[in-house]
Amino acid sequence: MIVVMNSGASQAAIDRVASEIERMGGRPHLSRGEFRTVIGIVGEEVTIDQNHLASLDGVEKVVPIMKPYKLASREFHEEDSVIDVGGGKVPQVKVGGTHAACIAGPCTIENEQMLWTIARQVRSGGASMLRGGAFKPRTSPYSFQGHGEPALKWMRACGDELGMPICTEVMDTRQVELVDRYADAMQIGARNMQNFDLLREVGKTNKPVLLKRGLAATVKDWLLSAEYVLSQGNRRVILCERGMKTFEDSVRFTLDISSIPVLHEWSHLPVIVDPSHAAGRREWVGSIAAAGMAAGAHGVIVEVHYNPAEAQCDGPQALLPERFAELMGQLRQIAAIMKKEFA
Ligand code: PEP
Ligand code: MN
(Lines give C-alpha, C1' and ligand atoms only; values in the text may rest on other atoms or scores of the structure.)
(Ligands and ions follow the chains in the order given, each with its own letter.)
Protein backbone atom coordinates (compact mmCIF):
# COMPACT_ATOMS: atom_id res chain seq x y z
CA MET A 1 0.00 0.00 0.00
CA ILE A 2 1.19 3.56 -0.62
CA VAL A 3 0.09 6.86 0.86
CA VAL A 4 0.35 9.65 -1.70
CA MET A 5 0.75 13.04 -0.01
CA ASN A 6 -0.52 16.33 -1.44
CA SER A 7 2.11 18.30 -3.34
CA GLY A 8 2.13 20.94 -0.58
CA ALA A 9 2.07 18.51 2.39
CA SER A 10 4.12 19.75 5.34
CA GLN A 11 6.91 17.79 7.01
CA ALA A 12 4.74 17.57 10.13
CA ALA A 13 1.95 15.93 8.11
CA ILE A 14 4.43 13.46 6.59
CA ASP A 15 5.83 12.62 10.04
CA ARG A 16 2.33 12.12 11.41
CA VAL A 17 1.44 9.64 8.66
CA ALA A 18 4.73 7.77 9.21
CA SER A 19 4.12 7.49 12.94
CA GLU A 20 0.53 6.32 12.42
CA ILE A 21 1.80 3.60 10.06
CA GLU A 22 4.27 2.47 12.73
CA ARG A 23 1.55 2.49 15.38
CA MET A 24 -0.49 0.12 13.19
CA GLY A 25 2.48 -2.25 12.92
CA GLY A 26 3.67 -1.26 9.42
CA ARG A 27 7.04 0.09 8.33
CA PRO A 28 6.97 3.42 6.43
CA HIS A 29 9.39 4.00 3.53
CA LEU A 30 9.54 7.56 2.21
CA SER A 31 10.01 8.36 -1.45
CA ARG A 32 10.43 12.06 -2.14
CA GLY A 33 9.62 12.84 -5.74
CA GLU A 34 9.97 16.09 -7.60
CA PHE A 35 6.37 17.07 -6.85
CA ARG A 36 5.14 14.95 -3.98
CA THR A 37 6.12 12.52 -1.28
CA VAL A 38 4.91 8.95 -1.39
CA ILE A 39 5.02 6.79 1.73
CA GLY A 40 5.23 3.06 1.11
CA ILE A 41 3.94 0.71 3.76
CA VAL A 42 5.73 -2.58 4.22
CA GLY A 43 4.30 -5.18 6.55
CA GLU A 44 1.02 -7.00 7.04
CA GLU A 45 -1.55 -4.89 5.26
CA VAL A 46 -4.46 -6.42 7.18
CA THR A 47 -3.51 -4.35 10.20
CA ILE A 48 -3.45 -1.08 8.27
CA ASP A 49 -6.58 1.07 8.54
CA GLN A 50 -6.73 2.57 5.08
CA ASN A 51 -9.64 4.93 5.86
CA HIS A 52 -7.87 6.33 8.89
CA LEU A 53 -4.73 7.09 6.87
CA ALA A 54 -6.81 8.68 4.10
CA SER A 55 -8.38 11.06 6.64
CA LEU A 56 -5.06 12.44 7.90
CA ASP A 57 -3.90 15.94 7.11
CA GLY A 58 -1.94 16.29 3.85
CA VAL A 59 -2.96 12.89 2.44
CA GLU A 60 -4.19 12.90 -1.14
CA LYS A 61 -4.99 9.19 -1.46
CA VAL A 62 -4.14 5.73 -0.21
CA VAL A 63 -3.72 3.11 -2.92
CA PRO A 64 -2.75 -0.55 -2.84
CA ILE A 65 0.35 -1.60 -4.82
CA MET A 66 -0.68 -4.62 -6.86
CA LYS A 67 2.87 -5.76 -7.61
CA PRO A 68 4.40 -8.25 -5.16
CA TYR A 69 7.55 -6.13 -5.05
CA LYS A 70 6.51 -2.86 -3.45
CA LEU A 71 9.53 -0.63 -2.89
CA ALA A 72 11.09 -1.69 -6.20
CA SER A 73 7.94 -0.79 -8.14
CA ARG A 74 7.37 2.27 -10.29
CA GLU A 75 4.17 2.89 -8.35
CA PHE A 76 6.16 3.54 -5.21
CA HIS A 77 8.75 5.73 -6.92
CA GLU A 78 7.64 7.33 -10.15
CA GLU A 79 10.96 8.80 -11.28
CA ASP A 80 14.06 6.78 -12.19
CA SER A 81 16.26 6.21 -9.17
CA VAL A 82 19.77 7.57 -9.49
CA ILE A 83 22.30 5.71 -7.36
CA ASP A 84 25.51 7.43 -6.25
CA VAL A 85 28.53 5.14 -6.06
CA GLY A 86 31.79 6.26 -4.45
CA GLY A 87 32.51 9.61 -2.90
CA GLY A 88 35.17 10.43 -0.35
CA LYS A 89 38.60 9.73 -1.87
CA VAL A 90 37.11 8.66 -5.20
CA PRO A 91 34.71 10.64 -7.38
CA GLN A 92 31.01 9.96 -7.09
CA VAL A 93 29.63 8.10 -10.09
CA LYS A 94 25.90 8.28 -10.77
CA VAL A 95 23.96 5.35 -12.22
CA GLY A 96 20.35 5.69 -13.35
CA GLY A 97 18.11 8.18 -15.13
CA THR A 98 20.27 9.95 -17.69
CA HIS A 99 23.48 8.73 -16.04
CA ALA A 100 25.28 5.70 -17.50
CA ALA A 101 28.34 4.03 -15.98
CA CYS A 102 30.95 1.58 -17.20
CA ILE A 103 32.42 -0.85 -14.69
CA ALA A 104 35.46 -2.62 -16.11
CA GLY A 105 38.36 -4.73 -14.95
CA PRO A 106 39.51 -8.31 -14.62
CA CYS A 107 37.21 -11.20 -13.74
CA THR A 108 39.38 -12.03 -10.77
CA ILE A 109 42.31 -10.26 -9.12
CA GLU A 110 45.20 -12.61 -9.82
CA ASN A 111 47.92 -10.52 -8.22
CA GLU A 112 48.66 -6.91 -7.33
CA GLN A 113 50.66 -6.09 -10.45
CA MET A 114 48.03 -7.33 -12.93
CA LEU A 115 45.31 -5.39 -11.12
CA TRP A 116 47.25 -2.12 -11.38
CA THR A 117 48.01 -2.71 -15.06
CA ILE A 118 44.40 -3.49 -15.99
CA ALA A 119 43.03 -0.71 -13.77
CA ARG A 120 45.19 1.85 -15.61
CA GLN A 121 44.16 0.41 -18.96
CA VAL A 122 40.43 0.53 -18.26
CA ARG A 123 40.76 3.98 -16.72
CA SER A 124 42.35 5.35 -19.86
CA GLY A 125 39.84 3.41 -21.98
CA GLY A 126 36.97 5.29 -20.33
CA ALA A 127 35.73 3.11 -17.46
CA SER A 128 34.15 4.97 -14.57
CA MET A 129 34.45 2.14 -12.02
CA LEU A 130 36.82 -0.76 -11.43
CA ARG A 131 35.65 -4.36 -11.09
CA GLY A 132 37.54 -7.41 -9.88
CA GLY A 133 36.76 -10.48 -7.84
CA ALA A 134 38.41 -11.11 -4.48
CA PHE A 135 35.93 -13.88 -3.65
CA LYS A 136 35.00 -15.96 -6.68
CA PRO A 137 32.01 -18.27 -7.10
CA ARG A 138 33.56 -21.07 -9.19
CA THR A 139 31.75 -24.04 -10.64
CA SER A 140 34.58 -26.31 -9.49
CA PRO A 141 35.88 -26.25 -5.90
CA TYR A 142 39.37 -26.90 -7.34
CA SER A 143 39.41 -23.69 -9.44
CA PHE A 144 41.05 -20.50 -8.13
CA GLN A 145 38.73 -19.05 -5.48
CA GLY A 146 40.18 -15.53 -5.18
CA HIS A 147 42.75 -13.90 -2.89
CA GLY A 148 40.23 -12.57 -0.36
CA GLU A 149 41.19 -9.63 1.86
CA PRO A 150 44.62 -8.93 0.32
CA ALA A 151 42.88 -8.48 -3.05
CA LEU A 152 40.40 -6.07 -1.45
CA LYS A 153 43.34 -4.03 -0.12
CA TRP A 154 45.02 -3.89 -3.53
CA MET A 155 41.76 -2.88 -5.12
CA ARG A 156 41.10 -0.12 -2.59
CA ALA A 157 44.57 1.35 -3.12
CA CYS A 158 44.16 1.15 -6.87
CA GLY A 159 40.73 2.80 -6.87
CA ASP A 160 41.91 5.59 -4.57
CA GLU A 161 45.04 6.28 -6.60
CA LEU A 162 43.30 6.24 -9.98
CA GLY A 163 40.10 7.93 -8.80
CA MET A 164 37.70 5.07 -9.53
CA PRO A 165 35.04 3.61 -7.24
CA ILE A 166 35.48 -0.15 -6.85
CA CYS A 167 32.89 -2.89 -7.23
CA THR A 168 33.51 -6.42 -5.98
CA GLU A 169 31.50 -9.54 -5.19
CA VAL A 170 30.39 -10.63 -1.74
CA MET A 171 29.43 -14.31 -1.58
CA ASP A 172 28.50 -14.95 2.01
CA THR A 173 26.86 -13.19 4.95
CA ARG A 174 30.12 -13.68 6.89
CA GLN A 175 32.00 -11.52 4.33
CA VAL A 176 29.62 -8.56 4.25
CA GLU A 177 31.29 -6.57 7.02
CA LEU A 178 34.72 -7.08 5.44
CA VAL A 179 33.72 -6.27 1.85
CA ASP A 180 31.66 -3.28 3.01
CA ARG A 181 34.81 -1.87 4.63
CA TYR A 182 36.74 -1.80 1.33
CA ALA A 183 34.28 -1.62 -1.56
CA ASP A 184 32.24 1.26 -3.00
CA ALA A 185 29.67 -1.17 -4.40
CA MET A 186 28.97 -4.79 -3.49
CA GLN A 187 28.09 -7.26 -6.20
CA ILE A 188 25.67 -10.09 -5.53
CA GLY A 189 26.50 -12.72 -8.14
CA ALA A 190 23.98 -14.57 -10.28
CA ARG A 191 24.33 -17.73 -8.20
CA ASN A 192 23.45 -15.82 -5.05
CA MET A 193 20.48 -13.84 -6.36
CA GLN A 194 18.17 -15.84 -4.13
CA ASN A 195 20.47 -16.14 -1.14
CA PHE A 196 17.92 -14.33 1.00
CA ASP A 197 20.09 -14.08 4.12
CA LEU A 198 22.83 -12.45 2.07
CA LEU A 199 20.34 -10.03 0.49
CA ARG A 200 19.07 -9.05 3.94
CA GLU A 201 22.62 -8.59 5.20
CA VAL A 202 23.68 -6.22 2.40
CA GLY A 203 20.30 -4.53 2.88
CA LYS A 204 21.40 -3.55 6.38
CA THR A 205 24.40 -1.65 5.00
CA ASN A 206 24.22 1.63 3.12
CA LYS A 207 26.45 0.44 0.27
CA PRO A 208 25.24 0.34 -3.34
CA VAL A 209 24.40 -3.24 -4.32
CA LEU A 210 24.89 -4.55 -7.85
CA LEU A 211 22.31 -7.31 -8.03
CA LYS A 212 22.89 -9.73 -10.88
CA ARG A 213 20.03 -11.68 -12.35
CA GLY A 214 19.96 -15.37 -11.42
CA LEU A 215 20.72 -17.94 -14.12
CA ALA A 216 17.09 -19.08 -14.22
CA ALA A 217 15.24 -16.22 -12.56
CA THR A 218 12.28 -14.33 -14.02
CA VAL A 219 12.25 -10.54 -13.93
CA LYS A 220 9.69 -10.81 -11.13
CA ASP A 221 11.92 -13.14 -9.07
CA TRP A 222 14.76 -10.70 -9.61
CA LEU A 223 12.73 -7.69 -8.45
CA LEU A 224 11.61 -9.64 -5.39
CA SER A 225 15.29 -10.21 -4.58
CA ALA A 226 15.86 -6.46 -4.94
CA GLU A 227 12.92 -6.01 -2.58
CA TYR A 228 14.78 -8.01 0.10
CA VAL A 229 17.57 -5.42 0.01
CA LEU A 230 15.25 -2.40 -0.19
CA SER A 231 13.01 -3.60 2.63
CA GLN A 232 16.00 -3.59 5.00
CA GLY A 233 16.47 0.12 4.39
CA ASN A 234 19.16 0.07 1.70
CA ARG A 235 17.68 1.90 -1.27
CA ARG A 236 20.81 1.76 -3.42
CA VAL A 237 20.18 -1.19 -5.73
CA ILE A 238 21.50 -1.42 -9.29
CA LEU A 239 20.25 -4.38 -11.33
CA CYS A 240 22.46 -6.26 -13.78
CA GLU A 241 21.21 -8.40 -16.68
CA ARG A 242 23.95 -10.98 -17.31
CA GLY A 243 22.15 -13.62 -19.36
CA MET A 244 20.04 -16.64 -18.55
CA LYS A 245 20.25 -20.39 -19.10
CA THR A 246 18.26 -21.30 -22.18
CA PHE A 247 18.40 -24.17 -24.69
CA GLU A 248 20.75 -22.06 -26.82
CA ASP A 249 24.32 -23.21 -26.38
CA SER A 250 26.21 -21.09 -28.91
CA VAL A 251 26.70 -18.42 -26.25
CA ARG A 252 27.49 -18.93 -22.57
CA PHE A 253 24.16 -17.41 -21.50
CA THR A 254 21.35 -15.68 -23.42
CA LEU A 255 21.22 -11.99 -22.58
CA ASP A 256 17.58 -11.05 -22.18
CA ILE A 257 17.40 -7.70 -23.95
CA SER A 258 13.67 -7.46 -23.33
CA SER A 259 14.21 -7.44 -19.58
CA ILE A 260 15.47 -3.86 -19.93
CA PRO A 261 12.24 -2.21 -21.21
CA VAL A 262 10.23 -4.50 -18.92
CA LEU A 263 12.22 -3.33 -15.90
CA HIS A 264 11.94 0.26 -17.00
CA GLU A 265 8.16 -0.04 -16.91
CA TRP A 266 7.88 -2.08 -13.71
CA SER A 267 10.63 -0.51 -11.62
CA HIS A 268 12.47 2.73 -10.91
CA LEU A 269 15.79 0.93 -10.32
CA PRO A 270 18.67 1.36 -12.77
CA VAL A 271 19.78 -1.66 -14.83
CA ILE A 272 23.12 -2.31 -16.49
CA VAL A 273 24.15 -5.20 -18.74
CA ASP A 274 27.04 -7.66 -18.46
CA PRO A 275 27.88 -8.69 -22.03
CA SER A 276 30.99 -10.63 -20.94
CA HIS A 277 29.34 -13.43 -18.98
CA ALA A 278 26.48 -13.57 -21.50
CA ALA A 279 28.72 -13.94 -24.56
CA GLY A 280 31.44 -16.12 -23.08
CA ARG A 281 33.60 -15.07 -26.05
CA ARG A 282 35.23 -11.70 -26.60
CA GLU A 283 34.21 -11.57 -30.28
CA TRP A 284 30.55 -11.19 -29.28
CA VAL A 285 30.90 -8.89 -26.28
CA GLY A 286 30.73 -5.62 -28.25
CA SER A 287 27.48 -6.41 -30.08
CA ILE A 288 25.73 -7.51 -26.91
CA ALA A 289 26.91 -4.43 -25.00
CA ALA A 290 25.72 -2.18 -27.83
CA ALA A 291 22.33 -3.91 -27.93
CA GLY A 292 21.94 -3.49 -24.17
CA MET A 293 22.67 0.23 -24.34
CA ALA A 294 20.32 0.64 -27.30
CA ALA A 295 17.58 -1.07 -25.28
CA GLY A 296 17.97 1.55 -22.56
CA ALA A 297 20.46 0.09 -20.08
CA HIS A 298 22.20 2.50 -17.68
CA GLY A 299 25.62 1.12 -18.45
CA VAL A 300 27.73 -2.00 -18.70
CA ILE A 301 30.07 -4.17 -16.66
CA VAL A 302 32.84 -5.60 -18.81
CA GLU A 303 35.77 -7.95 -18.22
CA VAL A 304 39.14 -6.80 -19.58
CA HIS A 305 42.55 -8.53 -19.57
CA TYR A 306 45.86 -7.72 -21.31
CA ASN A 307 46.78 -11.40 -21.52
CA PRO A 308 43.54 -13.39 -21.71
CA ALA A 309 45.32 -16.60 -22.69
CA GLU A 310 46.94 -16.67 -19.25
CA ALA A 311 43.95 -15.41 -17.26
CA GLN A 312 43.01 -17.51 -14.24
CA CYS A 313 39.32 -17.01 -14.84
CA ASP A 314 37.07 -16.17 -17.82
CA GLY A 315 39.95 -15.46 -20.24
CA PRO A 316 37.96 -16.27 -23.44
CA GLN A 317 35.44 -13.50 -22.73
CA ALA A 318 37.93 -10.80 -21.65
CA LEU A 319 38.34 -7.87 -24.02
CA LEU A 320 41.82 -6.67 -24.85
CA PRO A 321 42.37 -3.12 -23.52
CA GLU A 322 42.46 -1.53 -27.01
CA ARG A 323 39.18 -3.15 -28.00
CA PHE A 324 37.65 -2.03 -24.71
CA ALA A 325 38.58 1.59 -25.42
CA GLU A 326 37.12 1.34 -28.91
CA LEU A 327 33.90 -0.18 -27.55
CA MET A 328 33.55 2.63 -24.99
CA GLY A 329 33.62 5.15 -27.86
CA GLN A 330 30.79 3.26 -29.57
CA LEU A 331 28.76 2.96 -26.38
CA ARG A 332 29.04 6.70 -25.74
CA GLN A 333 27.42 7.35 -29.10
CA ILE A 334 24.58 4.90 -28.47
CA ALA A 335 24.09 6.37 -24.99
CA ALA A 336 23.73 9.85 -26.51
CA ILE A 337 20.97 8.62 -28.84
CA MET A 338 19.24 7.14 -25.79
CA LYS A 339 19.61 10.48 -23.92
CA LYS A 340 22.13 9.13 -21.47
CA GLU A 341 25.69 10.10 -20.73
CA PHE A 342 28.61 8.05 -19.43
CA ALA A 343 30.48 9.43 -16.42
C1 PEP B 1 31.57 -12.14 -12.27
O2 PEP B 1 31.12 -10.98 -12.34
O3 PEP B 1 32.77 -12.41 -12.44
C4 PEP B 1 30.60 -13.23 -12.04
C5 PEP B 1 30.97 -14.36 -11.49
O6 PEP B 1 29.36 -12.94 -12.47
P7 PEP B 1 27.99 -13.81 -12.43
O8 PEP B 1 27.61 -13.93 -11.00
O9 PEP B 1 27.05 -12.99 -13.25
O10 PEP B 1 28.30 -15.14 -13.07
MN1 MN C 1 33.92 -13.51 -14.65
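Heads up: these notes are all about the structure in this document. Since this is a predicted model, take the numbers as computed values, not measurements. (Residues numbered from 1 in each chain as written. Chains lettered and ligands numbered in written order. Predicted model: local features only at pLDDT ≥ 70, side-chain atom pairs only at ≥ 80, totals over all residues. Heavy atoms only, no water.)

A word on the sheet that holds strand β4 (residues 59–63)
Two orientations exist for strands paired in a sheet by backbone hydrogen bonds: parallel and antiparallel. If you walk across this open sheet you meet the four strands as β2-β3-β1-β4, and the pairing is antiparallel. With partners counted over all chains shown, the strands left at the sheet margins are β2 (27–32) and β4, one partner each. Here the average twist between neighbouring strands, direction ignored, is 20°. In the packing of helix α1 (residues 11–23) onto the sheet, contacts are made with β1 (2–5), β2, β3 (37–42) and β4, and the angle to β2 comes to roughly 150°. (Pairing = 2+ DSSP bridges. Helix = DSSP H or I, 4+ residues; strand = E, 2+ residues; numbered from the N terminus. Axes fitted to C-alpha atoms, helices over the stretch in contact; angles between N-to-C directions. Contact = heavy atoms within 4.5 Å.)

Some thoughts on the coordination of the manganese ion (ligand 2)
Looking at the metal site, the manganese ion (ligand 2) is ligated by C107 (SG), H277 (NE2), E303 (OE) and D314 (OD), spaced 2.0 to 2.4 Å from it. Within one chain, the residues donating to the manganese ion (ligand 2) are spaced in sequence as C-x169-H-x25-E-x10-D. Remark: D314 occurs in the loop between β14 (299–303) and α11 (321–337) and H277 occurs in helix α9 (residues 275–279); sequence separation between them is 37 residues. Assigned by exposure class, H277 and D314 land together as buried. (Donors = N, O, S within 2.8 Å, 3.2 Å for Na, K, Ca; no water. Buried < 20%, exposed > 50% of the residue type's maximum accessible area, 1.4 Å probe, protein only.)

Concerning the packing of helix α10 (residues 282–294) against α11
Helix-helix packing is characterised by the crossing angle of the two axes and by the distance between the axes. The contact between α10 and α11 brings their axes to 9 Å, and the two run at 20°. The orientation of α10 with respect to α11, classified from their angle, is roughly parallel. Crossing of α10 against α11: the hand is right-handed. In contact with G286, A289, A290, M293 and A294 of α10, α11 contributes R323, L327, L331, I334 and A335. Of the residues contributing to the contact of α10 with α11, the split by class is eight nonpolar, one polar and one charged. (Parallel < 35°, antiparallel > 145°, perpendicular 65-115°, else oblique. Left-handed = near helix turned anticlockwise from the far one by under 90°. Nonpolar A, V, L, I, M, F, W, Y, C, P; charged D, E, K, R; others polar.)

Section: the packing of aromatic side chains
Applying the stated criterion across every chain yields a total of one aromatic pair. When the centroid spacing of 4.5 Å and the interplanar angle of 25° are considered together, the rings of F196 and Y228 count as stacked. With F196 in helix α6 (residues 196–203) and Y228 in helix α7 (residues 219–231), this residue pair connects regions lying 32 residues apart in the sequence. Look at F196 and you get partly exposed, because its relative accessible area is 32%. (Phe/Tyr/Trp six-rings, centres within 6.5 Å; stacked < 30°, edge-to-face > 60°.)

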